[in-house]
Amino acid sequence: MRPPRHHRRAAAAVGLVVAGLLSGCSGTAPDPGDLRPGGTARPDDEGSLGSSPAPVSDPVEQDLDLALSTPREDSVYPDVGDPRVDALLYDLDLTWSPDDRRLDAHAVVTFRATRRARAFQLDLGQGLTVGDVRLDGEPVRFARRGKDLVVRAAVRADRRYELSLDYVGTPRPTPAPTTRGDFSTTGFTVTDSGAVWTMQEPYGAFTWYPVNDQPSDKALYDVTVHVPAPWIGISNGRLTALGTEDGTTTTSWQLTEPASSYLVTLAIGDYAHRSNTTEDGLRVDYWTPRGMVQHLDELRTAAATVDWIEARLGPYPFDTLGMVVTDSQSAMETQTMLTLGSNDYVLSPQVVAHELVHQWYGDQVSPDDWRDVWLNEGMTMLMQWLYEDDHDIAPLRNTLGAARNADQGLRDTYGPPGDYDPEQFGGSNIYYSPALMWNELRVALGDEEFFRIARSWLADHDGTSVGREQVFEHWESETGLELTDFFDAWITGTTTPARGVPDA
Ligand SMILES: [Zn+2]
């Protein structure tokens, strides 16, 4: 998630550039394409963002074993998720009617029962009406309790099951446990024109599909979306089908590397496709509202930014990379498909860089409990600062000074980064304080050693969700330093720690 704006020097005027861009099913503006005079695309530059057909590749058989997790009850938001369920694959078929704001859906959730139980539950938004529910093809009883979908069927430990259900209704976003200025709800959000975007951290995936909505339970996804043409539905991973029939566009998306539910995205609207490539030949797909001309230059820096990150954190961890620009005011590191809002700050190269870094720190390796969201934001914030320094956006010395000056106030207001007020999710404390901590280690160890350990952490925990004890152990064993007091002071202390790393 992007850092809150209120502490940023670059917080200047936020222009709402999105008005009129999501222009509805008819009368859309022509796409600017490559050659439009005054446009921002440069046809002679291979990195330019001329619009192009969206590439489609064949689906593959999902390897469910990749999605085996050890789900837990969240210590900050225990009412969301069920540790009895280890979801392996969400197969979603979604039909969206913008005019009547109606979602008509069929879901098949393949899961492993983690223990013997008489019942289990998934999270699913209250506004959705559930029809037939079946477990391995047999009808089962179920109950709705708030956002809980309780399935009254006995399951055996370590056996795999398929839960299928139909549901219909108008998804509603859910209140977010935060006081941030850039979002107050999470989940499925509908614009005035009937377009859709989703951002769902720390939870809110349940507003549009039945899900074990807690970050320790990573799963694979097959998502098919039907919408009135020329609109298109966009989700994570590889585009495996794209076609229009009888006025309906159908897209299928496949995510073959496991993701936590907060990293899943769905965007529906009238989109143009563009792309460029990184030095290593990774294609970066850009889905921008048709007619959008601003910010294309900033977006296209993403390919070079991936090169910059790879030089420090190692190879990009997934097979595909894209981003979709929506009507939101925030930005999310949704896995392999960033979800970006529409304002000057969100679409700046440094915020795009921030969400890209999360593909390594946050997505490849995720926290298994929301108390450790600082694992995502601390390293990512430090990388953003280094990026800003390297790209003449803001000198690191100034940024560090401002962050250090802010640290005590952030601890006082929001709590320590690893023990924050549950109603203050996403406060600047989970960004700045751990970023300062990692910077102390970076200075003490030197860049080469620091990034070597940062890379080995990712390699050792690829595709999993982890807790703070594991990261502390990793850095202690790799450095040979006794870091318990250092980490504790930064992550759970109520006062700003002294500079430096003891005995380093
Ligand atoms: Zn972030």
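Residues numbered from 1 in each chain as written. Predicted model: local features only at pLDDT ≥ 70, side-chain atom pairs only at ≥ 80, totals over all residues.

## Looking at the sheet that holds strand S7 (residues 148-152)
- Pairing in this open sheet of three strands is antiparallel, and the strands run S3-S7-S6 from one edge to the other. Each edge of the open sheet carries a strand with a single partner, namely strand S3 (120-123) and strand S6 (141-145). Direction aside, the axes of adjacent strands within the sheet are offset by 25° on average.
- The sheet contact formed by S3 and S7 spans four bridges and is antiparallel. (Pairing = 2+ DSSP bridges. Helix = DSSP H or I, 4+ residues; strand = E, 2+ residues; numbered from the N terminus. Axes fitted to C-alpha atoms, helices over the stretch in contact; angles between N-to-C directions.)

## Considerations on the domain arrangement of the protein chain
- Partitioning the protein chain into domains gives domain 1 (64-290) and domain 2 (373-492).
- The distance between the C-alpha centroids of domain 1 and domain 2 comes to 30 Å.
- With 16 residues of domain 1 at the contact, the number on the domain 2 side is seven residues.
- Here the side of domain 1 that touches domain 2 is composed, by residue class, of eight nonpolar, five polar and three charged. (Domains from an automatic or database assignment. Contact = placed C-beta atoms within 7 Å. Nonpolar A, V, L, I, M, F, W, Y, C, P; charged D, E, K, R; others polar.)

## Digging into the packing of helix H3 (residues 374-390) against helix H5 (residues 429-445)
- Here H3 crosses H5 at 70°, and the two axes come no closer than 7 Å. The pairing of H3 with H5 is recorded here as roughly perpendicular in orientation. The handedness of the crossing between H3 and H5 comes out as right-handed. Where H3 approaches H5, its residues Trp374, Glu377, Gly378, Met379, Met381, Leu382 and Trp385 are matched on the opposing element by Ile430, Tyr431, Tyr432, Pro434, Ala435, Met437, Trp438 and Asn439.
- A class-by-class count of the residues in the contact of H3 with H5 yields twelve nonpolar, two polar and one charged. (Parallel < 35°, antiparallel > 145°, perpendicular 65-115°, else oblique. Left-handed = near helix turned anticlockwise from the far one by under 90°.)

## A few points about the pairing of strand S4 (residues 128-135)
- Pairing of S4 with strand S8 (residues 160-169), which is carried by six bridges, proceeds in the antiparallel orientation. Counted as the bridge partner of Val133 is Leu165 from S8.
- Taken together, the two bridges between S4 and strand S5 (residues 138-139) define a ladder with antiparallel strand orientation. For Arg134, the partnering residue across the bridge sits in S5 and is Pro139.
- Between S4 and the antiparallel strand that follows it, S5, lie two residues; Asp136 among them carries a positive phi value of about 50°.

## Topic: the nonpolar core
- In terms of nonpolar packing, the biggest core is built from 129 residues, with Tyr90, Ala219 and Ile268 touching the most fellow members.
- With nine residues, the top contributor of residues to this core is H3.
- Each of domain 1 (64-290) and domain 2 (373-492) accounts for three or more of the residues forming this core.
- Not counting residues up to four positions away in its chain, the partners in contact with Ile268 are Trp96, Ala195, Val196, Val225, Val227, Trp231 and Gly233. (Core = buried A, V, L, I, M, F, W, Y, C linked by C-beta atoms within 7 Å. Buried ≥ 20, exposed ≤ 12 C-beta atoms within 10 Å, placed from the backbone.)

## Things to note about H3
- Here H3 spans 24 Å end to end across 17 residues, near enough to the 24 Å set by a 1.5 Å rise per residue.
- Most of H3 sits inside the fold, with 15 of its 17 residues counted as buried.
- Backbone geometry just after H3 places Asp392 at a positive phi near 55°. (Expected span 1.5 Å × (residues − 1).)

## Things to note about the sheet that holds S5
- With mixed pairing, the eight strands of this open sheet are ordered in space as S5-S4-S8-S2-S1-S12-S15-S14. The outermost strands of the open sheet, each flanked by one partner alone, are S5 and strand S14 (238-245).

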